[in-house]
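Listed here are the chains, written in short residue letters.
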Amino acid sequence: MFVLSSSDIRFEEEKLFSMGQTPLALMSIVGAMSALKFIEDFKNVCKVVAVCGKGNNAGDALALLYNLKLKGYDCSIYQPWGAATEECRVQRELCRSLGIEETSDLKSADVIVEGLLGVGFYGNLREETLKLIREINNLNKPIVSMDIPAGLNSDTGEPQPDAIRAAYTYSIGFLKRGYLFRQSYEYTGKVIVIDIGFPPPENGLKIFTSSDAKTLIKKKDDFSHKVEKGSLLVWAGSKQYPGALRLCLEGALNMGVGMSFSIVEDEFSILPPETIPIAERDFISNEIDEKISKKFRAVLIGPGLTNKRETFIKEFVSKTSLPLILDADALFPDIVDLIKDKEVVITPHEGEFRRIYKNDSDRVERFEAFLEQFPNITLVLKGPNTLVGKGSQKYVVPIADCDLAVAGSGDVLSGMIGALLSTGYDTLTASLLAVFVHAIIPEIARQKNMRVTRSSDLIKLLKALGGFENIIESCDFI
Ligand SMILES: NC(=O)C1=CN([C@@H]2O[C@H](COP(=O)(O)OP(=O)(O)OC[C@H]3O[C@@H](n4cnc5c(N)ncnc54)[C@H](OP(=O)(O)O)[C@@H]3O)[C@@H](O)[C@H]2O)[C@@H](O)CC1
Ligand SMILES: Nc1ncnc2c1ncn2[C@@H]1O[C@H](COP(=O)(O)OP(=O)(O)O)[C@@H](O)[C@H]1O
Ligand SMILES: [K+]
């Protein structure tokens, strides 16, 4: 499944039509496939009213209604401005042939199917449509919006100036770009993608799911030694933020690294018992035993480090040939030029990303522009719906879950990515797997009557649920 802009969706539709597909045939598929979803969402047979505009979005609503009538639902149509497209008229005739009648009584509906406006919507709502949308919202009935809640800009997720507040949005073929933004959530309700058989698109973000994750897990090698199993050097934490180091290391250890090393300011830093300390002064003066430095397979720098050692860190990352993950305080404003040809993952949140990459467009466009400009860097742009990409490979992990919004949760994530990098996963795969596991842990916990209330719970659950491979294998909700 993919996330597309409205112009990309039009492009993909036109491509299908140029191969002989027709809008009417697609609409029939929409009707049948969305009826399957509707029956899951509204198990009890009930009274359904389709509120329709004039275009093919109305055609979709009517195609759904036709299928619901066949399944025994009590269906009627409200289409105040008539049908303007041929496909919409055909769907309406089909409904009529089943005896579906017109009504203007919206109050008696148990569920409203909204087919007022889809991707054909432009500009701001006209007065009469705005009035109808507000009337429908005020009924306080569950609403199923076909493709897009009427009034919502599908690229920005913003109401123009108001929109239908749906309980469910059946997004046809692809997820709309605007649904990744917070402002769309109160209008879309639960978004369900209705697969109508589009081939993979040329553009767009791929939605990363458990089936993608399952194919990426490497087989265990029971003959591997501890360094091959993953050996990570972490430079994180400070007197001000001592916990960051611990969270990174525990995250990495519970992902299964065989060895971990930590650069520490003083030997009294509290480390997990498995982690080997390296004095910061020795590291900086290049006085660590070669036997030790040969064991590093990846390096994580940044969480809770504060602004110390900037010059040394920049020099180190410019020179090293080890895979790197840079987070938080290692994301200096001019870091990108130093690492653009490295094997590297960066994990900024929105604020850190603005610091290292100046670009005025919205989050998704900034993400895409960065990948185009720096095709070797793997970018993990954190937040609800974390974006992960490298070059032309662009993914979204479609999870918004406020249980992840706890201090230190990003530190755990960087340790998890570092762990996978050190075990030989490439930068993109390591990032995708770790971001995915990190994001699904709170939901898995809830399913088992547990709850993530602090970031160390993520670490405990990573272990208690049997490690990242088991968590991915047992995930069935995404
Ligand atoms: N294409 C395909 O093959 C497939 C398409 N599919 C479905 O078709 C949908 C797209 O259908 P579409 O292109 O007919 O446009 P649609 O969303 O119904 O809107 C057009 C109507 O909106 C009106 N309108 C516009 N702006 C307005 C405003 N500001 N305020 C008020 N009204 C406004 C405009 O009025 P007009 O400007 O013509 O007066 C016109 O009447 C798509 O979302 C999906 O559901 C699927 O079946 C898959 C196959
Ligand atoms: N509402 C949310 N939905 C999903 N993920 C979230 C949400 N809020 C935060 N996260 C995730 O939690 C982590 C927070 O990281 P970060 O902002 O670096 O926090 P910290 O610096 O305290 O560790 C990121 O992985 C981010 O994607
Ligand atoms: K709609």
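Everything here concerns the structure above.
Residues numbered from 1 in each chain as written. Chains lettered and ligands numbered in written order. Predicted model: local features only at pLDDT ≥ 70, side-chain atom pairs only at ≥ 80, totals over all residues.

**Quick notes on helix α11 (residues 310-319)**
Then, in step 1: Taken together, the buried positions of α11 are Ile313, Phe316 and Val317. One side of α11 holds all its buried residues, which, seen down the axis, span an arc of 90°. Opposite the buried face of α11, by more than 90 degrees, sit the exposed residues Thr311 and Lys319.
Then, in step 2: Buried-residue contacts for α11 involve β14 (298-301), β15 (324-326) and α12 (335-339). (Buried ≥ 20, exposed ≤ 12 C-beta atoms within 10 Å, placed from the backbone. Helix = DSSP H or I, 4+ residues; strand = E, 2+ residues; numbered from the N terminus. Arc of directions from axis to C-beta. Contact = placed C-beta atoms within 7 Å.)

**Observations concerning the site of ligand 2**
Then, in step 1: Close contacts around ligand 2 come from 18 residues, with Lys382, Pro384, Leu404, Ala405 and Gly410 the closest.
Then, in step 2: Ranked by residue count, the leading element in the shell around ligand 2 is helix α15 (residues 409-422), at four residues.
Then, in step 3: Looking at side-chain class alone, the shell around ligand 2 contains eight nonpolar, seven polar and three charged residues. (Near = placed C-beta within 6 Å. Nonpolar A, V, L, I, M, F, W, Y, C, P; charged D, E, K, R; others polar.)

**A short note on the sheet that holds strand β2 (residues 47-52)**
Then, in step 1: The sheet built from seven strands is open, its strands ordered β4-β3-β2-β5-β6-β7-β9 with parallel pairing. Every other strand in the sheet has two partners, leaving β4 (101-102) and β9 (190-194) as the edge strands with one partner each.
Then, in step 2: Pairing between strand β7 (residues 168-172) and β9: five bridges, direction parallel. By the bridge assignment, Tyr168 is partnered in β9 with Lys190. (Pairing = 2+ DSSP bridges.)

**Topic: the environment of Glu280**
Then, in step 1: If you trace the backbone, Glu280 turns up in helix α9 (residues 280-284).
Then, in step 2: By C-beta crowding, Glu280 is classed as partly exposed, having 18 other C-beta atoms within 10 Å.
Then, in step 3: Here the alpha-carbon distance between Glu280 and Ile263, two residues 17 residues apart in the chain, equals 5.4 Å.
Then, in step 4: Ignoring anything within four residues of it in the chain, the contact list for Glu280 reads Ile263, Val264 and Glu265.

**Some points on the packing of helix α2 (residues 23-41) against helix α3 (residues 56-70)**
Then, in step 1: Put simply, α2 and α3 touch, their axes get as near as 8 Å, and they point 50° apart. The angle between α2 and α3 places the two elements in the oblique class. The crossing of α2 and α3 is right-handed. For the pair formed by α2 and α3, the contact residues are Pro23, Met27, Ser28, Val30, Gly31, Ala32, Ser34, Ala35 and Phe38 on the first element and Asn56, Gly59, Asp60, Ala63, Leu64, Tyr66, Asn67 and Leu68 on the second. (Axes fitted to C-alpha atoms, helices over the stretch in contact; angles between N-to-C directions. Parallel < 35°, antiparallel > 145°, perpendicular 65-115°, else oblique. Left-handed = near helix turned anticlockwise from the far one by under 90°.)

Treat this as a map of the structure, not an account of what it does.
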